Amino acid sequence: MLKIAAIAISGVLLALLLKQVKPEYSGFLSMAVCICIFLYLLSRLQTVLAYLQQLEAQVHIDGVYLDTILKMLGITYITQFASDFCKDAGYSAISGQIELFARVSILFLSFPVLLALVEMIGDVL
């Protein structure tokens with residue numbers, strides 16, 4: 001976390017300095033810092049994926065459900081990144097549309113899980 005905080009603070013300070021000289025470049029610098037942090041996050045997600053695969057093997061969970069959860073997590077991360085960038089650039093309407101699209105996408109992804117849950121409850125009753 002210290003590395004990420006250092007990168008973020010350094011990026012913000014550089015963007016603030018650059019904003020005084022070349023305001024149009026500060027947005028690019030901000031985006032570059034965000035991409036660096038996101039790539040670092042992706043490298044850390046490999047560990048989480050390994051743990052999920054172990055869990056799937058030990059508990060015998062259907063891989064479709066874990067895949068769906070991972071897709072939902074990916075949608076939320078990408079949505080947050082794109083939405084925040086649009087808000088920073090002053091395009092809050094586009095940001096809102098990105099968030100709405102992500103909510104609908106997650107809703108569609110959750111239907112198979114919801115149907116399996118209802119089916120499982122029906123089998124118990």
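**Q** Which residues make up the overall build of the chain, and what are the values?
**A** Scanning the chain from terminus to terminus reveals four helices and zero strands. Its C-alpha atoms give the chain a radius of gyration of 20 Å, clearly above 14 Å, the size a compact globule of 125 residues would have. When the 125 residues of the chain are sorted by exposure, 12% land in the buried category. Residue pairs in contact within the chain that sit at least 24 positions apart in sequence constitute 52% of those at least 6 positions apart. Carbon and sulfur atoms form 72% of the exposed surface of the chain, whose accessible area is close to 9500 Å².

**Q** Any details on a nonpolar patch on the surface? Residues and values, ideally.
**A** Nonpolar side chains collect at one region of the surface, where L100, V104, L107, F108, F111, L114, L117, V118, M120, I121, V124 and L125 lie side by side and expose about 1200 Å² of accessible area between them. Residue placement: F108 occurs in helix α4 (residues 92-124). Overall, F108 belongs to the exposed group, its relative accessible area being 56%.

**Q** Before we move on, can you summarise the pattern of salt bridges with the specific residues and values?
**A** Scanning the entire structure with this criterion turns up two salt bridges. Among the ionic pairs, R103 bridges to E99, the shortest N-O distance being 3.9 Å. With R103 and E99 both in helix α4 and four residues apart, this pair spans about one turn of that helix. By relative accessible area, which is 55% here, R103 ends up exposed. Taken together, the shared-partner salt bridges connect K87, E99 and R103 into one network.

**Q** I'd love a proper account of helix α2 (residues 23-59), names of residues and values included.
**A** When the terminal C-alpha atoms of α2 are compared, their 53 Å separation across 37 residues agrees well with the 54 Å that a helix rising 1.5 Å per residue should span. If you look at α2, its biggest bend is around 25 degrees, right at R44. Just beyond α2, the residue with positive phi is H60, at close to 60 degrees.

**Q** Please give an account of helix α1 (residues 2-21) that cites residues and values.
**A** The end-to-end C-alpha distance of α1, which contains 20 residues, comes to 29 Å, matching closely the 28 Å that a straight helix rising 1.5 Å per residue would cover. Within the span of α1, buried status applies to I4, G11 and A15. Around the axis of α1, the buried residues are gathered within 35 degrees of arc, so they sit on the same side. Across from the buried face of α1, at angles greater than 90 degrees, the exposed residues are L2, I9, L13, L17, Q20 and V21.

About the criteria used
- Residues numbered from 1 in each chain as written.
- Predicted model: local features only at pLDDT ≥ 70, side-chain atom pairs only at ≥ 80, totals over all residues.
- Heavy atoms only, no water.
- Helix = DSSP H or I, 4+ residues; strand = E, 2+ residues; numbered from the N terminus.
- Rg over C-alpha atoms; globule rule 2.2 N^0.38 Å.
- Buried < 20%, exposed > 50% of the residue type's maximum accessible area, 1.4 Å probe, protein only.
- Contact = heavy atoms within 4.5 Å.
- Areas by Shrake-Rupley, 256 points an atom, 1.4 Å probe, with all protein chains shown as cover.
- Patch = residues over 30% accessible without salt bridge, like charges linked within 9 Å, V, L, I, M, F, W, Y side chains within 5 Å.
- Salt bridge = Lys/Arg side-chain N within 4 Å of Asp/Glu carboxyl O.
- Expected span 1.5 Å × (residues − 1).
- Bend = angle between axes of the 7 residues up to and from the residue.
- Arc of directions from axis to C-beta.

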